[in-house]
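# Coordinate analysis (summary)
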Amino acid sequence: MTIKIREAITPRDRKRWVAFQYDHYRGDPTFVPQLISDELDTMSPEKNPAFQVAEVKLLLAYEEETCVGRVCGIIHRLEAEKLGRKRGRFGWFESVEDPAVAEALLSHLEEWFRNERREEMAGPLGFTDLDPEGLLIEAFDTLPTIAGSYNKPYYQGLLEHYGMEKAVDYKEFRLAVPEEGHPIVELMGKKAARDQEKYGLRPLRCRKRKELLSYVPRFWELLEKSFAELYGVTPLTQAQVDYYTKKYFGFVDPEFVQFVLDENERMVGFYLGLPSLSRAFQKAGGRLFPLGFWHILRAFKKSDTVDFLLAGVDPEWSTRKVLPILAVEMHRALVRRGIRFAETNHELETNTTVTGIWSKFDLVSTRRTRVFRKPL
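So, here is what we can say about the structure in this document. Just so we're clear, the structure is a prediction, and the values are computed from it rather than from any experiment. (Residues numbered from 1 in each chain as written. Predicted model: local features only at pLDDT ≥ 70, side-chain atom pairs only at ≥ 80, totals over all residues. Heavy atoms only, no water.)

## Digging into a positive patch on the surface
Rule in force here: Like-charged residues are merged into a patch within 9 Å and nonpolar side chains (Val, Leu, Ile, Met, Phe, Trp, Tyr) within 5 Å, provided each residue has over 30% relative accessible area and no salt bridge. The Shrake-Rupley method, run with a 1.4 Å probe, gives the accessible areas here. Residue values count only the displayed protein chains as cover. Salt bridge, as applied in this entry: a Lys or Arg side-chain nitrogen positioned within 4 Å of an Asp or Glu carboxyl oxygen. Under the counting rule used here, the positive set is Lys and Arg, the negative set is Asp and Glu, and His together with the chain ends is not counted. To locate a charge, the coordinates of NZ of Lys, CZ of Arg, CG of Asp or CD of Glu are taken. The helix and strand labels rest on DSSP assignments: H or I over at least four residues marks a helix, E over at least two residues marks a strand, and numbering proceeds from the N terminus.
The grouping of Arg279, Lys283, Arg298, Lys301 and Lys302 at the surface amounts to a positive patch. Among the secondary structure elements, those contributing two or more residues to the positive patch are helix 10 (278-284) and helix 11 (292-302). For the positive patch, the leading source of residues is helix 11, giving three residues. Among the structural elements, Lys302 can be located in helix 11.

Shown next, in the form of structure tokens:
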């Protein structure tokens with residue numbers, strides 16, 4: 001059969017593009033469906049300010065009149081202008097188990113990237129580091145976080161068959177929260193206390209969302225600074241900062257947001273967590289109504305797991321000085337709320353400082369995701 005590629009341009013096309021993953025994973029017990037409204041907003045030029053700094057192609061693959069795959073292609077202008085990376089990105093890749101489908105989708109993007117003088121194509125990547133990135137290549141039976149990656153096991157073979165190779169790997173850990181008095185908690189607590197006194201650092205715990213929001217501008221400044229050299233990161237415009245602030249900080253639990261300030265009240269570290277919403281999102285099935293909103297609110301109050309979403313340290317400071325303070329404060333918050341497990345965000349496998357810390361805990365599971373590349 002001939003595979004035909006159609007570009008999703010109209011709102012109706014974009015709805016079909018978003019809908020494909022829900023049909024594709026129907027009945028899969030490990031798939032965590034995102035909220036349909038959020039997915040549509042992400043892919044809407046009218047809603048997502050990323051479209052102001054990126055050229056985007058949403059592609060659908062059809063076999064006769066049956067949709068069999070999709071992908072998003074991105075040329076991020078600021079990535080090239082500010083960082084000098086002439087990269088064509090692809091993300092939100094989905095396909096049936098047929099190399100011809102993956103080849104049709106990716107070759108369509110490759111031709112576009114070559115015409116635009118890109119030097120490589122890489123993915124899965126989003127518009128920014130705050131979007132989904134990485135293809136799951138290990139631990140397909142473990143439940144991802146709502147910000148994590150999940151795909152069918154055969155996806156790796158589809159990309160490799162197309163000629164793609166490893167760019168970077170990320171690790172994600174699920175760990176049991178240690179009780180107070182655990183040796184590593186005691187060790188970090190003593191180190192954190194010494195460094196707070198020696199270097200004039202102090203942890204900040206915001207008890208109210210209003211207080212938390214007053215520190216958000218400093219958070220974004222530090223995030224840009226601390227993430228600048230990481231793989232896949234793109235510069236954020238003020239419109240994107242406003243977009244993500246509204247998207248995430250409107251509902252975060254201040255209990256699981258930790259900041260560290262220096263003696264001049266400058267933010268030098270942050271650590272953001274969120275009660276696990278994976279099961280709630282599964283029950284919601286992509287929709288807030290009629291019962292999705294109730295499942296999500298209940299998870300905020302009843303979850304025994306917290307997802308660690310973002311962490312960063314000012315590059316002018318040593319991670320070994322700031323990270324223990326953040327970790328100790330987050331542990332205290334977890335104990336206060338009776339949290340039993342924590343899911344780490346994806347960490348570059350080369351970040352041995354952080355992955356080494358996690359390995360000292362009682363690990364329940366480890367997931368690995370990969371970003372692939374192909375020179376053009």
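## Considerations on unusual backbone geometry
Here the residue pair Gly123 and Pro124 is connected by a cis peptide bond, since its omega of 0 degrees sits within 30 degrees of zero. Of the consecutive residues Phe289 and Pro290, the connecting peptide bond is found in the cis state with omega at 10 degrees. Relative to the helices and strands, Pro290 resides in the loop between helix 10 and helix 11. The backbone of Glu64 shows a phi angle near 55 degrees, a positive value even though the residue is not glycine. You can see Glu64 is positioned in the loop between strand 2 (54-63) and strand 3 (66-76).

## What to know about the packing of helix 6 (residues 183-199) against helix 12 (residues 319-336)
Rules: A fitted line through C-alpha atoms serves as each axis, taken over the contacting stretch for helices, and the angle formed by two N-to-C directions is quoted from 0 to 180°. Roughly parallel means an angle under 35 degrees; roughly antiparallel, over 145; roughly perpendicular, 65 to 115; everything else is oblique. The crossing is said to be left-handed when, going from far helix to near helix, the turn is anticlockwise and less than a right angle, and right-handed when the turn is clockwise. Contact criterion: two residues are considered in contact whenever any of their non-hydrogen atoms come within 4.5 Å of each other. When residues are sorted by character, Ala, Val, Leu, Ile, Met, Phe, Trp, Tyr, Cys and Pro go into the nonpolar class, Asp, Glu, Lys and Arg into the charged class, and all the rest, Gly among them, into the polar class.
Running from N to C, helix 6 and helix 12 cross one another at 125 degrees; their axes reach a closest spacing of 8 Å. The orientation of helix 6 with respect to helix 12, classified from their angle, is oblique. Helix-helix and strand crossings are classified by hand; for helix 6 and helix 12 the assignment is left-handed. Where helix 6 abuts helix 12, its residues Val185, Met188, Gly189, Lys191, Ala192, Asp195, Gln196 and Tyr199 lie against Arg320, Lys321, Pro324, Ile325, Ala327, Val328 and His331. Considered class by class, the residues forming the contact of helix 6 with helix 12 number eight nonpolar, three polar and four charged.

## Focus on the pairing of strand 5 (residues 120-123)
Here is the rule we go by: For every residue, the accessible area (1.4 Å probe, protein chains only) is compared with the maximum for its type, and the residue is labelled buried under 20%, exposed over 50%, or partly exposed between those bounds. A pair of strands is considered paired only if DSSP assigns at least 2 bridges between the two.
Taking every second residue as pointing to the same face, both faces of strand 5 are buried, with Glu120 and Ala122 on one and Met121 and Gly123 on the other. Here strand 4 (residues 87-95) pairs with strand 5 via three bridges, running parallel. Each residue of the ladder has a partner; that of Arg89, found in strand 5, is Ala122. Direction of pairing for strand 5 relative to strand 14 (residues 363-375): antiparallel, over a ladder of four bridges. The residue bridging Ala122 from the neighbouring strand is Arg373, located in strand 14.

## Notes on the side chain of Asp129
Considering the arrangement of structural elements, one finds Asp129 in the loop between strand 5 and strand 6 (135-138). Of the side chains with opposite charge, Arg89 comes closest to the buried, unpaired Asp129, at an N-O distance of 7.4 Å. Ignoring anything within four residues of it in the chain, the contact list for Asp129 reads Phe227, Tyr231, Gly232, Val233 and His346.

## As for the nonpolar core
How we decide: As used here, the term nonpolar core means buried Ala, Val, Leu, Ile, Met, Phe, Trp, Tyr and Cys residues forming a set that is joined through side-chain atoms within 4.5 Å.
Of all hydrophobic cores here, the largest spans 30 residues; its most connected members are Leu201, Phe256, Val260, Phe308, Val322, Leu334 and Trp358. Elements with a minimum of two residues in this core: strand 7 (165-176), helix 6, strand 10 (267-275), strand 11 (305-313), helix 12 and helix 13 (352-358). It is helix 12 that contributes the most residues to this core, nine residues altogether. Discounting residues that sit within four places of it in the chain, Leu334 has contacts with Val177, Phe256, Val306, Phe308 and Ile339. Counting residues in each nonpolar core, the second largest holds 29 residues, with Ala61, Val68, Leu136 and Tyr162 among its members.

## Topic: the pattern of salt bridges
Any two side chains of opposite charge can pair, on the condition that their charged atoms come close. Here the structure, examined in full by the defined rule, presents 34 salt bridges. Residue Glu65 pairs with Arg6 through a salt bridge whose shortest N-O separation is 3.3 Å. You can see Glu65 sitting in the loop between strand 2 and strand 3 and its partner Arg6 sitting in strand 1 (residues 3-7), a full 59 residues away along the chain. When salt bridges with common partners are traced through the structure, they connect Glu79, Arg87, Arg89, Glu120, Glu165 and Arg373 into a single cluster.

## Re a nonpolar patch on the surface
A contiguous nonpolar surface patch, about 340 Å² in accessible area, is contributed by Phe289, Phe293 and Leu297. Within the element layout of this structure, Leu297 appears in helix 11.

## A short note on the packing of helix 8 (residues 216-227) against helix 9 (residues 238-249)
For the pair helix 8 and helix 9, interaxial distance at closest approach is 12 Å and the crossing angle is 115 degrees. Here the hand of the crossing between helix 8 and helix 9 comes out right-handed. Of the residues in helix 9, those in contact with Val216, Phe219 and Trp220 of helix 8 are Val241, Tyr244, Thr245 and Phe249. Across the contact of helix 8 with helix 9, the residue classes break down as six nonpolar, one polar and no charged.

## Some points on helix 6
Our working definition: Working rule for helices: expected span equals 1.5 Å times residues minus one. The arc in question is the one spanned by the directions pointing from the helix axis to the C-beta atoms.
Under the 1.5 Å per step criterion, the end-to-end length of helix 6 is 24 Å for 17 residues, consistent within 8% with the ideal 24 Å. Taken together, the buried positions of helix 6 are Ile184, Val185, Met188, Ala192 and Asp195. Summarising the axial view, the buried residues of helix 6 lie within an arc of 100 degrees, below the 170-degree limit, and thus occupy one face. Facing away from the buried side of helix 6 by over 90 degrees, the exposed positions are Pro183, Leu187, Lys190, Arg194, Glu197 and Lys198. Looking one or two places after helix 6, you find Gly200, whose phi comes out positive at around 70 degrees.

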